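# Chains, contacts and geometry: an overview
In case you want the letters, here they are:
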Amino acid sequence: MGRIAGRFARVEPRLRAARLVLGLLSDLPRKNCWTIAEWAGEAGPHGMQHLLCRAVWDADAVRDDVREYVVEHLHDDAAVLVVDETGDVKKGTQTVGVQRQYTGTAGRIENSQVAVYLVYAGIRGHAAVDRELYIPRSWTSDPDRCRAAGLGPDTVFATKPDLARTMIERFRDAGHRVGWVTGDEVYGGNPRLRASLEDRGIGYVLAVACSAEVLTAAGKFRADALARKVPKRAWQKLSAGRGAKGQRFYDWAVVDLAEPAPGRHQLLVRRNRSTGELAYYRCHSTTPAPLTTLIKVAGSRWRVEETFQTGKGLAGLDEHQVRRYPSWTRWVTLAMLAHAFLAVVRADEHAPRPTPDDLIPLTCNEICRLFIPFVVRPVRDADHRLAWSDWRRRHQARSRTSHYRRQATAQK
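The sections below set out a description of the structure shown in this document. Just so you know, these numbers come straight off a predicted model, no measurement behind them.

## Side note on the packing of helix H4 (residues 59–73) against helix H13 (residues 325–349)
For the pair H4 and H13, the least separation of the axes is 9 Å and the interaxial angle reads 15°. Comparing the axis directions of H4 and H13 gives the class roughly parallel. With respect to the hand of their crossing, H4 and H13 are arranged in left-handed fashion. In this structure, H4 uses Ala59, Val62, Arg63, Val66, Tyr69, Val70 and His73 to contact H13, whose residues at the interface are Thr329, Arg330, Thr333, Met336, Leu337, Ala340, Phe341 and Val344.

## Some remarks on the pattern of salt bridges
One side chain can pair with another of opposite charge once the charged atoms of both are near each other. Counted according to the given criterion, the structure contains 30 salt bridges. Note that Glu259 is salt-bridged to Arg282, the shortest N-O span being 2.8 Å. Of this pair, Glu259 sits in the loop between strand E10 (246–256) and strand E11 (264–271) while Arg282 sits in strand E12 (residues 278–285); the two residues are 23 residues apart in sequence, bridging distant segments of the chain. For Arg369, the salt bridge identified is with Glu366, shortest N-O distance 2.8 Å. Taken together, the residues span about one helical turn, with Arg369 and Glu366 both in helix H14 (residues 364–376) at a distance of three residues. Shared partners join several salt bridges into a network, and the residues in it are Asp60, Arg63, Asp64, Arg67, Glu68, Asp130, Arg131, Glu132 and Arg170.

## Describing the nonpolar core
Membership of the largest hydrophobic core comes to 105 residues, with the highest contact counts inside it found for Tyr117, Tyr120, Val205, Leu268 and Tyr281. A total of 13 residues in this core trace back to one element, the largest contributor, which is H13. Residues in contact with Val205, not counting those within four places in the same chain, are Trp180, Val181, Thr182, Gly183, Leu268, Tyr281, Arg282, Cys283, Leu294, Val297 and Ala298. Grouped together as the second largest cluster of nonpolar side chains are 14 residues, Val208, Val214, Leu257 and Tyr280 included.

## Comments concerning empty space enclosed by the protein
Inspection of the entire model under this criterion finds one cavity of 30 Å³ or more. Of the voids in this model, the largest cavity is the one considered here, and its volume is about 50 Å³. For the largest cavity, the full set of lining residues is Ala128, Thr307, Phe308, Gly311, Ala315, Leu317, Ala335, Met336 and His339. When residues of the lining of the largest cavity are traced back to their parent elements, those giving at least two are helix H12 (302–315) and H13. A total of four residues in the lining of the largest cavity trace back to one element, the largest contributor, which is H12. Of the residues in the lining of the largest cavity, the class split is six nonpolar, three polar and no charged.

## Quick look at the pairing of strand E1 (residues 80–89)
The two faces of the sheet receive side chains in turn, since in a regular strand these alternate between them. Burial of E1 is extensive: nine of the ten residues sit out of reach of the surface. When E1 meets strand E3 (residues 108–122), the two strands line up antiparallel, connected through ten bridges. Looking at E3, one finds that Asp88 is bridged to Gln113. Bridge analysis of E1 against strand E5 (residues 180–183) gives four bridges, and the strand direction is parallel. Bridge assignment links Val80 to a residue of E5, and that residue is Trp180.

## Considerations on the packing of aromatic side chains
Tallying each qualifying case throughout the model produces nine aromatic pairs. Their ring planes at 70° and their centres at 6.0 Å tell us that Tyr134 and Phe157 sit as a pair that is edge-to-face. With a gap of 23 residues between them, Tyr134 in the loop between strand E4 (125–133) and helix H5 (137–140) and Phe157 in the loop between helix H6 (143–148) and helix H7 (160–173) connect regions that are remote in the sequence. Residue classification places Tyr134 among the buried residues on the basis of a relative accessible area of 13%. Plain terms: the ring middles of Phe341 and Phe371 are 5.0 Å apart, the flat faces sit at 55° to each other, and that makes the pair tilted. With a gap of 30 residues between them, Phe341 in helix H13 and Phe371 in helix H14 connect regions that are remote in the sequence. With a relative accessible area of 25%, Phe341 lands in the partly exposed category.

## Things to note about the pairing of E11
Burial analysis of E11 places six of its eight residues in the buried class, which makes it a mostly covered element. In terms of strand pairing, E10 meets E11 through six bridges, oriented antiparallel. Directly across from Val255, in E11, lies its bridge partner Leu267. One ladder, built from eight bridges, connects E11 with E12; its direction is antiparallel. Bridging across to E12, Leu268 finds its partner in Tyr281. Where E11 folds back on E12, the antiparallel hairpin that results is connected by six residues, among which Gly276 adopts a positive phi of roughly 80°.

Cut-offs applied
- All residue numbers refer to position in the chain's written sequence, counted from 1.
- With the structure being a predicted model, the display of local features is reserved for residues of pLDDT at least 70 and the display and counting of side-chain atom pairs for 80 or more, all residues being used for whole-chain, interface and lining totals.
- Here the side-chain values reflect all heavy atoms present in the structure, with hydrogen atoms and water set aside.
- Axes, fitted as lines to C-alpha atoms, cover a helix only where it is in contact. Angles between the N-to-C directions of the axes lie from 0 to 180 degrees.
- Segments assigned H or I by DSSP are reported as helices when at least four residues long, segments assigned E as strands when at least two residues long, and all are numbered from the N terminus.
- Here roughly perpendicular refers to angles of 65 to 115 degrees, roughly parallel to angles under 35, roughly antiparallel to angles over 145, and oblique to all remaining angles.
- The hand of a helix crossing depends on one turn: near helix anticlockwise from the far one by less than a right angle means left-handed, and clockwise means right-handed.
- The contact rule is simple, with two residues in contact once any of their heavy atoms fall within 4.5 Å.
- Take a side-chain nitrogen of Lys or Arg and a carboxyl oxygen of Asp or Glu: if they are within 4 Å of each other, that pair is a salt bridge.
- The term nonpolar core refers to a set of buried residues drawn from Ala, Val, Leu, Ile, Met, Phe, Trp, Tyr and Cys, joined through side-chain atoms within 4.5 Å.
- Exposure is judged per residue with a 1.4 Å probe applied to protein chains only, and the accessible area is read against the type maximum: over 50% gives exposed, under 20% gives buried, and values in between give partly exposed.
- Here the term cavity refers to a set of points on a 1 Å grid, laid over the protein atoms alone, in which a 1.4 Å probe fits but cannot get out; the term pocket refers to an open set having protein on both sides within 12 Å along at least five of seven lines, with lining residues being those that place an atom within 4 Å of a point.
- Grid points are joined across faces, edges and corners, and a volume is the space filled by probe spheres set on the points.
- Under the scheme applied here, ten amino acids are nonpolar (Ala, Val, Leu, Ile, Met, Phe, Trp, Tyr, Cys and Pro), four are charged (Asp, Glu, Lys and Arg), and all others, including Gly, are polar.
- For two strands to be treated as a pair, DSSP must find no fewer than two bridges joining them.
- When two rings of Phe, Tyr or Trp (its six-membered ring) have centres within 6.5 Å they constitute a pair, described as stacked for plane angles under 30 degrees, edge-to-face for angles over 60, and tilted for the intermediate range.

Laid out in structure tokens, this is it:
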């Protein structure tokens, strides 16, 4: 909180922002201005609502502080930027950006609000460093509606890849360097985003649809048609990285493309070893990159799902009950800060240090369970809570060991 203290014009909103962040890290079943204000001991929710609506402070400057905090503590020369969107199901029509649209949160078309996030993923951990709310055309074509929701008069429609490009450029313009970007088909199928990354010398491994057309020395092919021409000997069994249930092994093949743009262009194909399902990625690098590097970058995309899960489950990222755009940016930014704190503490706990073999390292969930009762509001039953924490970690360690053994036996 000391990092963002200078972003507030008065001491009252600064202290209240600290209480809000602590409330986001608490074990409240629902986190909004009402519940957090009661948890923080305030007489009513009006102070928290004022912090989000009318208090003088710069949410974008705090966002920049969050980015610097994450990069400083999770720095990795081989870090990957991951772009993805997530939706929050909403009711009514007044919440900024809401309309009937597809959201992966519900798995179908729902009345929802969608935002695009940029996640910094390194070997020490991962956390969101930027956010942009997707404003549909149904909003940008209605200036009065935008003005009522707190959007500026210069608001224009921007696609999700456009928002991703803006955030990546903002990350680079802040002086940070990253070698790779990854994302799903929404971003891989956008030529302008790919061209922007190539112009900046950033490599990418972006998912594309099976119908995507690629240019080879033998002509133009659909991605799925090209994959069928790959000989059996070209497939290699390699891991996309460790997941919750151990190494994620797939069969991989890579095909060189004949794109006229500079750099090396390739099509990466992933095959599920159980179902045979195929996934396709367009790859670009300024210098030749080995297959293992492309696979590592492709596997990093799942970090964004973990970030969304932790940010929503532990830091209230999706529990905002606000309608206007300034309030949304403030809530989401402080939730990103709360999640970044958990990610940094987790990274420090995973640093090389003596750890009992029968315990897993502290997870974000466990840190969240222990932080408030041990640091913010000390409790009397500390020994009892620590005993339960050790039991959970020991049980998880046994479960993980058993799963890895079954997995190794199945692979043999």
